[in-house]
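Examining the three-dimensional arrangement
Chain residues, written in single-letter form:
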Amino acid sequence: MKQSDLKAWLYLLPAILFLGIFMVYPLIDVFIYSFEEGYNSASQTVYGVGWYNYSYVLHDPYFLQAVKNTFIIVLITVPLSTGLALLISVGLSSVKPLKDLYQTVFFLPYVTNTLAVGLVFMILFKKTAYTDGMVNLLINQFGGESVDFIDGPYWAKMFIMCFYTIWVVMPFKILILTSALASVDKTYYNAAKIDGTPRWRVFTRITLPMISPMIFYLVITGFIGAFKAYSDEVALFGTNLNAAGMNTIVGYVYDMLYGDSGGYPSYASAAALILFSIVLTITCVNLLVTRRGRPGYAGAR
Amino acid sequence: MKVRLEHLTKRFPNSNRKIKTEVTAVDDVTLEIPDGQLAVLLGPSGCGKSTALNLICGLEKPTEGRIYFGDDDVTDLAPENRGVGLVFQNYALYPHMTALQNILFPLQNLKGEAKLSREQMTEKAMEAAKLVQIEELLDRKPGQMSGGQQQRVAIARALVKMPRVLLLDEPLSNLDARLRLQTREELRRIQRETGITTVFVTHDQEEAMSISDMMVVMRKGAVHQTGKPQEIYDEPVDLFVAKFLGTPPINVFEGKVRGGVLTVGADAVMELEDTPDRDVWVGIRPEGFIPDVGGPLRCGLVGVEVMGRDTTVVATHPACAADNLRAIISADTGIGSSAGEVRFALKREKLFLFDKETEERVPFRAR
């Protein structure tokens, strides 16, 4: 018994070592930094211990802006992208000809380089000295005025940000949902057909419940992913996100560490832990809601 | 409700797109199932019986031919307008709904005049549940029920709208042997109680024989024989039907008719009247053998299996189409298991002749 225990730990050792050094230790360290005032990594000195870092971060207007941006992005992109992905997947699974082509088209953004996509969005939306961008040309065509989506008003920037995020995250969701739809046993649809079930009812009463585990999975991972948004913002607005007013919480953490005004690991740690607690809370709520939403589902086949 | 199929044909495009020829799943089937009877479509897998069922319920459209329920031509009607109930092989119960919700589902789809109030729906569902005896399981989900219970829920769901025709697609194949027997009787009872014309698809001949009023033996999309189970067993029209029915299966020998004498291998087994010379397949049911030291059929004894009521004699014969032949004799007929040779006399009515080429039945009279 003892011997085999020892063996088991031995086999686990490499994983534990790596996870310990690169995951657990930094986590604990971040936690400690967040309570140490004015920590200096070079001299390894602190002024004191307490809630000061949290207080500073929570009173920092840049942080509050980042929280606001992050929440807007999360609340808009997660439901919209999941809903749109569902619509497109249902469409995809009901068309026969050229199905593979459509599937490829919808999956392309997933394999395309973020920066390349950012460039395309620039061409579509950016206003330069030479051109107002393709979308603005379209707007002008319909008699509207040009809007600077990249350097313009907040709503325009937020619109393009959400648009971009949805466009980037959707392919994966479509992929998951089309395979979920395909895995629903056809005999259920035949059974529904025998009873003359209207299409909408088939969708809401049979298809949706059958693929709901996948939808919940996408919503939960979608929330987590959207809260951690950063690179997409950089791709669109460049690295100085605070100036653009489009920073996110992760962006704020990064700026505090390495940005032009960086070098404050304590503030960064506090912000990171605030983000962590937000994501944890939301995920727990999500799980609770989905558990309650389908009692006894685990027992069903 | 009488069900009539007229020249029903269903052709599918070949699944291999390079082959342009179509696959004929159901080939010119004409058939009439009398009102209130239980008919079984029987045949090996791929014989088109399930396709025939799908045509009757409307999940598939026939390439040619018409389908009538009573005097109504339902060929062009959608499934829900035909008044059919279908029980699927894997039951197809919605896993996220309770038994009651599953049974209510078809009722909730009713529109217009047929629309029912909540109370009426529950009443009908309870009626159906009572018929299949699952009242105490109504709040369970399919995953929490045994196969047999799921089966009953599926039948209740098919019956709740009181269909004109009930269709069952291999409904017993997912149950274990004991449950299958039990459910078989249960199905028979439900069918008798409701008096709904029922079409039952199976590949299990024993199941078919035991449950049906009328049996339809199919092969490669075509109907070979229609009739009461015992009639078909006693008077098969061809070698295929003869081989398909009966456990253990019929024993087939190569035989010849020469000068009014039927010989199996080197054994002259029977004298016939008015039968011209021809090569034949000789089919002898296992119960058609009588051990007889002076009998004409000389076989090598392989073994004896005692099964209580009956004894199965396993033997070899040079002209036998299979490796061994099986004869069932009553247990009190002693047969020495040590004997190297065993001889049988044959029962005339358990012996059939089939044409060597066409495999059609050849009538004969023994002298």
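Refer to the structure presented above.
Note that this is a predicted model, so its numbers are computed, not measured. (Residues numbered from 1 in each chain as written. Chains lettered and ligands numbered in written order. Predicted model: local features only at pLDDT ≥ 70, side-chain atom pairs only at ≥ 80, totals over all residues. Heavy atoms only, no water.)

**Observations regarding the overall build of chain B**
Cut-off, in case you're wondering: Helix numbering and strand numbering both begin at the N terminus, where a helix is a DSSP run of H or I of at least 4 residues and a strand a DSSP run of E of at least 2. Burial classes follow relative accessibility: with a 1.4 Å probe on protein chains only, a residue under 20% of its type's maximum area counts as buried, one over 50% as exposed, and anything between as partly exposed. It only takes one pair of heavy atoms within 4.5 Å for two residues to be counted as in contact. The accessible surface values rely on the Shrake-Rupley method and a 1.4 Å probe; as for residues, cover is taken only from the protein chains in view.
The helix and strand tally for chain B stands at 9 helices and 22 strands. For chain B, the spread of C-alpha atoms along the principal axes amounts to about 75 × 45 × 40 Å. Each of the 367 residues in chain B was classed as buried or not, and the buried ones make up 50%. Counting only contacts in chain B whose residues sit at least 6 apart along the sequence, the fraction spanning at least 24 positions is 65%. About 16800 Å² of surface is accessible on chain B, with carbon and sulfur atoms providing 47% of the total.

**Notes on the pattern of salt bridges**
Residues and elements named next belong to chain B. What counts here: Between Lys or Arg on one side and Asp or Glu on the other, a salt bridge is scored when a side-chain nitrogen of the former is within 4 Å of a carboxyl oxygen of the latter.
Scanning the model with the defined rule gives 21 salt bridges over all chains in all. The shortest N-O distance in the salt bridge between Asp 72 and Arg 164 comes to 2.8 Å. Here the residue Asp 72 occupies a position in strand β5 (residues 72–73), and Arg 164 occupies one in the loop between α5 (147–159) and β7 (165–169), the gap between them amounting to 92 residues. Residue Glu 254 pairs with Lys 356 through a salt bridge whose shortest N-O separation is 3.1 Å. Remark: Lys 356 occurs in the loop between β20 (351–355) and β21 (361–362) and Glu 254 occurs in strand β11 (residues 251–258); sequence separation between them is 102 residues. On the basis of relative accessible area, Glu 254 is assigned to the partly exposed category, the value being 42%. On the basis of relative accessible area, Lys 356 is assigned to the partly exposed category, the value being 23%.

**Structural notes on helix α9 (residues 199–227) of chain A**
Here is the rule we go by: Each helix should span, by expectation, one fewer than its residue count multiplied by 1.5 Å. For a residue, the bend is simply the angle between two axes, fitted respectively to the seven-residue segment ending there and the seven-residue segment starting there.
Between its first and last C-alpha atoms α9 of chain A spans 36 Å; for 29 residues at 1.5 Å apiece the expected length is 42 Å, and the helix comes up short by more than 12%. Along α9 of chain A, the sharpest kink reaches roughly 55°, centred on Ser 212 of chain A and followed within four residues by the proline Pro 213 of chain A.

**Points about the interface of chain B and chain A**
To be explicit about the condition: When two components associate, each loses some accessible surface as probed by a 1.4 Å sphere; the sum of these losses over both components is called the buried area. Amino acids outside the nonpolar list (Ala, Val, Leu, Ile, Met, Phe, Trp, Tyr, Cys, Pro) and the charged list (Asp, Glu, Lys, Arg) are all regarded as polar, and Gly is one of them.
If you look at the interface, chain B gives 24 residues, while chain A gives 22 residues. Between chain B and chain A lies a buried interface of about 2100 Å² when both sides are counted; carbon and sulfur atoms form 58% of it. One can count 0 salt bridges joining chain B with chain A. Counting residues per element, the ones that place at least two in the side of chain B that touches chain A are α2 (79–82), β6 (84–87), α3 (99–108) and α5 of chain B. For the side of chain B that touches chain A, the element with the highest residue contribution is α3 of chain B, accounting for 3 residues. In the side of chain B that touches chain A, the residues fall into 13 nonpolar, 7 polar and 4 charged.

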